[in-house]
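Spelled out, the chains give:
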Amino acid sequence: MVKYVYDFSEGDKSMKDLLGGKGANLAEMTKLGLPVPPGFTISTQACRAYLREGCVPESLETEVTTALRRVEDHMGRRLGDAADPLLVSVRSGAKFSMPGMMETVLNIGLNDESVHGLAQVAQNERFAWDSYRRLIQMFGKTVMDIEGELFSHALDSLKAQRGVTADVDLTADDLRELVDTFKKIVLEATGSPFPQDPRVQMDLAIEAVFRSWNTERARIYRRRERIPHDLGTAVNICTMVFGNMGQDSGTGVCFTRDPSTGHSGVYGDYLENAQGEDVVAGIRNTLPLSALGERNKEVYDELRGIMRKLETHYRDLCDIEFTVERGKLWMLQTRVGKRTAAAAFRVAIQLVDEKLITRDEALTRVTGDQLTQLMFPQFDASAPKELIAKGMAASPGAAVGRIVFDNVQAEAAAQAGVKCVLVRRETNPDDLPGMVAAEGVLTARGGKTSHAAVVARGMGKTCVCGAEALDIDAEAGTVTVGGRVLTGADTIAIDGQTGEIFYGDVPVTDSPVTTYLTHGLEAGLAVAGDDEGTAELINAVHKLLTHADSVRRLRVRANADTPEDSRRAIEFGAEGIGLCRTEHMFLGARRPLVERAILSEAGSQERRSAFDELEKLSKQDFLQMLEVMDGKAMTVRLIDPPLHEFLPSLSELEVKVAVAKATGSADPADEEMLATVRRFHEQNPMLGLRGVRLGIYLPGLFALQMRALCEAAAELVARGLSPRPEIMVPLVGSVRELQLIREEGESIIAQVAEEAGVDLSGVTIGAMIELPRAAMTAEDLAEEADFFSFGTNDLTQTVWGFSRDDVEGVFFPEYIEAGIFGVSPFESIDVHGVGTVVAEGVRRARSTKPNIKLGVCGEHGGDPLSIHFFHEVGLDYVSCSPFRVPVARLEAGRAVVVADIAD
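We now turn to the structure provided with this report.

## Focus on the overall build of the protein chain
Next up, step 1: Summing up its helical and strand segments, the protein chain has 37 helices and 33 strands in all.
Next up, step 2: Expressed as a percentage of the 903 residues in the protein chain, the buried residues total 56%.
Next up, step 3: Within the protein chain, residue pairs in contact and separated by at least 24 positions form 68% of the contacts whose partners lie at least 6 positions apart.
Next up, step 4: Element-wise, carbon and sulfur atoms account for 50% of the exposed surface of the protein chain, whose accessible area totals about 36,900 Å².
Next up, step 5: Between the centroid of the 96 positive side chains of the protein chain and the centroid of its 134 negative side chains there is a distance of 3 Å.

## A few points about unusual backbone geometry
Next up, step 1: With a phi angle near 60 degrees, D145 is a residue other than glycine that sits in the positive phi range.
Next up, step 2: Mapped onto the fold, D145 is located in the loop between α5 (125-142) and α6 (148-162).
Next up, step 3: In this structure, L731 takes a positive phi of about 60 degrees despite not being glycine.
Next up, step 4: Inspection of the secondary structure puts L731 in the loop between β29 (724-729) and α29 (735-756).

## Section: the packing of aromatic side chains
Next up, step 1: Tallying each qualifying case throughout the model produces 23 aromatic pairs.
Next up, step 2: Ring geometry for F379 and F502: centres 5.9 Å apart, planes at 90 degrees, overall edge-to-face. With F379 in strand β13 (residues 378-379) and F502 in strand β24 (residues 500-503), the pair connects residues that are 123 residues apart, well separated along the chain. Each member of the pair, F379 as well as F502, is classed as buried.
Next up, step 3: Judged by centre distance (5.3 Å) and plane angle (55 degrees), the ring pair of Y815 and F821 falls under tilted.
Next up, step 4: In this structure an aromatic cluster arises from ring pairing among W800, F802, F811, F812, Y815, F821 and F826.
Next up, step 5: Cation over ring: K13 sits above Y314, and NZ or CZ is 5.0 Å from the ring centre.
Next up, step 6: Just above the ring of Y877 sits the side chain of R557; from NZ or CZ to the centre is 4.1 Å.

## Remarks on the sheet that holds strand β1 (residues 5-7)
Next up, step 1: The sheet built from five strands is open, its strands ordered β1-β2-β7-β5-β6 with antiparallel pairing. The open sheet has two free edges, formed respectively by β1 and β6 (104-108), since each of these has just one partner strand. Each neighbouring strand pair of the sheet contributes to a mean axis angle of 20 degrees, computed without reference to strand direction.
Next up, step 2: One ladder, built from seven bridges, connects strand β5 (residues 88-94) with strand β7 (residues 233-239); its direction is antiparallel. The partner of A94 across the bridge, within β7, is T233.
Next up, step 3: The strands that helix α8 (residues 198-212) touches are β2 (39-42), β5, β6 and β7; relative to β7, the one it contacts most, it runs at about 150 degrees.

## Re the environment of T239
Next up, step 1: Checked against the element boundaries, T239 lands in strand β7.
Next up, step 2: When the C-alpha atoms of T239 and L86 are compared, they prove to be 7.3 Å apart, with 153 residues separating the residues in sequence.
Next up, step 3: Leaving out residues up to four positions away in the same chain, T239 has contacts with P37, P38, V71, M75, L86, L87 and V88.
Next up, step 4: Within the local environment of T239, its side chain forms a polar contact with the backbone oxygen of P38, the two atoms lying 2.8 Å apart.

## Brief notes about the sheet that holds strand β30 (residues 764-769)
Next up, step 1: Strand order in the closed barrel formed by eight strands is β26-β27-β28-β29-β30-β31-β32-β33, and the pairing between neighbours is parallel. Within this sheet the neighbouring strands show an average axis-to-axis angle of 25 degrees, counted without direction.
Next up, step 2: In the sheet, β30 pairs with strand β31 (residues 787-790) via three bridges, with the strands oriented parallel. The partner of I769 across the bridge, within β31, is F790.
Next up, step 3: Sheet contacts for helix α24 (residues 605-628): β27 (576-581), β28 (633-637) and β29; angle to β28, the most-contacted strand, approximately 150 degrees.

## What to know about helix α19 (residues 512-519)
Next up, step 1: Within α19, the full set of buried residues consists of V513, T514, Y516, L517 and T518.
Next up, step 2: At the C-terminal side of α19, G520 shows a positive phi close to 100 degrees.

## Considering the packing of α24 against helix α28 (residues 701-718)
Next up, step 1: Between α24 and α28, whose axes approach to 8 Å, the crossing angle comes to 45 degrees. Taken together, the axes of α24 and α28 lie oblique to each other. Like other packed secondary-structure pairs, α24 and α28 cross with a definite hand, here right-handed. In contact with F611, L614, E615, S618, K619, F622, L623, L626 and E627 of α24, α28 contributes L701, L704, Q705, R707, A708, L709, E711, A712, A713, E715 and L716.
Next up, step 2: Grouping the constituent residues of the contact of α24 with α28 by class yields twelve nonpolar, two polar and six charged.

So, how was this worked out
- Residues numbered from 1 in each chain as written.
- Predicted model: local features only at pLDDT ≥ 70, side-chain atom pairs only at ≥ 80, totals over all residues.
- Heavy atoms only, no water.
- Helix = DSSP H or I, 4+ residues; strand = E, 2+ residues; numbered from the N terminus.
- Buried < 20%, exposed > 50% of the residue type's maximum accessible area, 1.4 Å probe, protein only.
- Contact = heavy atoms within 4.5 Å.
- Areas by Shrake-Rupley, 256 points an atom, 1.4 Å probe, with all protein chains shown as cover.
- Lys, Arg positive; Asp, Glu negative; His and termini not counted.
- Charge placed at Lys NZ, Arg CZ, Asp CG, Glu CD.
- Phe/Tyr/Trp six-rings, centres within 6.5 Å; stacked < 30°, edge-to-face > 60°.
- Lys NZ or Arg CZ within 6 Å of the ring centre and 35° of its normal.
- Pairing = 2+ DSSP bridges.
- Axes fitted to C-alpha atoms, helices over the stretch in contact; angles between N-to-C directions.
- Polar contact = N/O pair within 3.5 Å; in protein donor to acceptor, adjacent residues only side chain to side chain.
- Parallel < 35°, antiparallel > 145°, perpendicular 65-115°, else oblique.
- Left-handed = near helix turned anticlockwise from the far one by under 90°.
- Nonpolar A, V, L, I, M, F, W, Y, C, P; charged D, E, K, R; others polar.

Encoded structure:
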């Protein structure tokens, strides 16, 4: 039979899966001999059974009775006894801390009879009636689902009648009257009286805690924190100790170090004559923890000793809840404390310096997400702001600028030294120049993996997507929101961490951590100046990132398409380029050349001349990037997008031709273009004529790119540099596809090398694994490839059968709410689905070539959780946006030590 109930003496801190964080830590403190009130924990298994069956397991009731009797025997009192009642608290406690998200009920066991017994035993009538009104209030709200405001209004009304402002100023008679009022509220709201049976109270409270696992706020919190929905919560039944028995009693919360800064010292809050929820709810102004020392030095010294003992035992910053009952200290909870990103780095290094933890352990105390928080500029929190709309936080940061609607406006503003924000319904590759020129990007459509979001993250640009409240008319040059019409003369501010959009200028503060990451320790400390806290933080980040670099196995490259991106990537510590997209080399002013090539006959002089011109232009692009990346690998993906992206819009052309015919001004060139566009139009272009298929269908297209890359490399070799270009063939599904392109590529490499008189034997050719078939036939593809790079963006689309641009904003929120996704599979790798395909591709590739170089270049390459997976399956490198390179470096180091600790 499944065991559901554990005494505090039966567990320890390692049992969080079963006992939840609170129960495991109560057990650990009991094991340490600290003053913990007796009690027991109902396991998370019981919660899951309740949620699954819709009722309390029968065996649970008997186990609770047995455990309760042990507590009663230990205390020498009975639950709810009329003369000397044992009272208990019923508290939630999940594996992962979810502060305030689930339910707690105190003072279970009080009723119309036992309240008198409590008053007699405590020799304090006011305390007894105060405890009873608290029970009815908490029980009514959390167990009986009564609107909490009903109780709050009744309390406020009574205080107003008595001419007092604080709860503690109410007398015993006042509280007795309030209890009657509260009981009437319960009866009127539910049709049933407040339950008088103590065991009924406890059983109903236990069920309420189980149910609270699935409240809306709990589910929202779990989604935000990426906590699985199927864990369930434990329930902790603990003997009540009272901080509201008079001036020699109180309750408080303390931290062994400052959770905001990480500084060591005495941090916490204390309230005299109060119960725990008074501190949390903020209904009274608290005193600093040091005030306890002034009132009861003996208890204060004991608490300080316990704080030190717990920090030493847990070897981390601890969050502690305690109560003082008539001069006796009781420990009610401890846990490893939540902290700010800055505090996390500072505390980790402090504990290393104090020799409490090793450097490896310190890496487990910080995360890539925390480093990200430290890197992005932020709006000045104290500055006034006018919120006008909110969208999806797509790329963190803070951007302020004048509204611009297109590339021309954005580039003109940048040239004039005017900061701007590019505002579009949605973006496409043609908008890249405007995105580069703008401080940030704002779109009315799209999600976190839309074009705007992906490109903005790659450039480290602030981006807010999917702001549906915005009505953007680019032609008219207006943005309408909330009845207000904004134009290019207006300034807006966007917050990429919250998705908020503000009207007007908002002051932005830069991050000294980013200065350190891009310009070195000395530069970062110079920015910190006399600010010792910032200097300490920069030193902490430096030490931890340096250690991560020393232990990581995964190399870290960057996704970069321009020389500027490449320089930025190197500044952030990239060891090469894992993905250079070449699409931008065929857009903008070069687009007419592509149109000419497409419209002309195969083998015609017109097509050859168009390709020749594109080759010259591409060579200059490659020269600049290879020179920046001298000595470092640069993986160049041959052109990947569908052919129709380089042609005019079908709908616009149809309208233009129809109007021309109707007005008698038909243009044969337009009609010919329309026929071509119709011929290449696809219902699902992501699965159509693109990637390697386009290179084979349009002979000469891939050849011009490979020749331009090789000629650029040859020129640099002749100048004494060490270019390391890698040619990557996209969307390969068949070994024959790869063979055809490899044969052409090897011929071009040899020809260019001979013409230039240089050695280009180091130029390699590989494949981008974006299709399940490619992964499942990787042992064959490996015969023709020097390397593989998993394109997990498209691989996720093809494994799931999703069209990323169509699905994310439509039904993903419902899928996440329903628990189908814990998080979007485009944000973090779907380990069991897409991840299995990746792992199988790795296994098959290395069965043919044990030393084949394997990497990943999708968005997942910069995602902390995904990086740990890529480490586990044995990839050689990850590639991510330049701004994410430090995060990837840190997480690659963490992946090693986390795996070692787990072993």
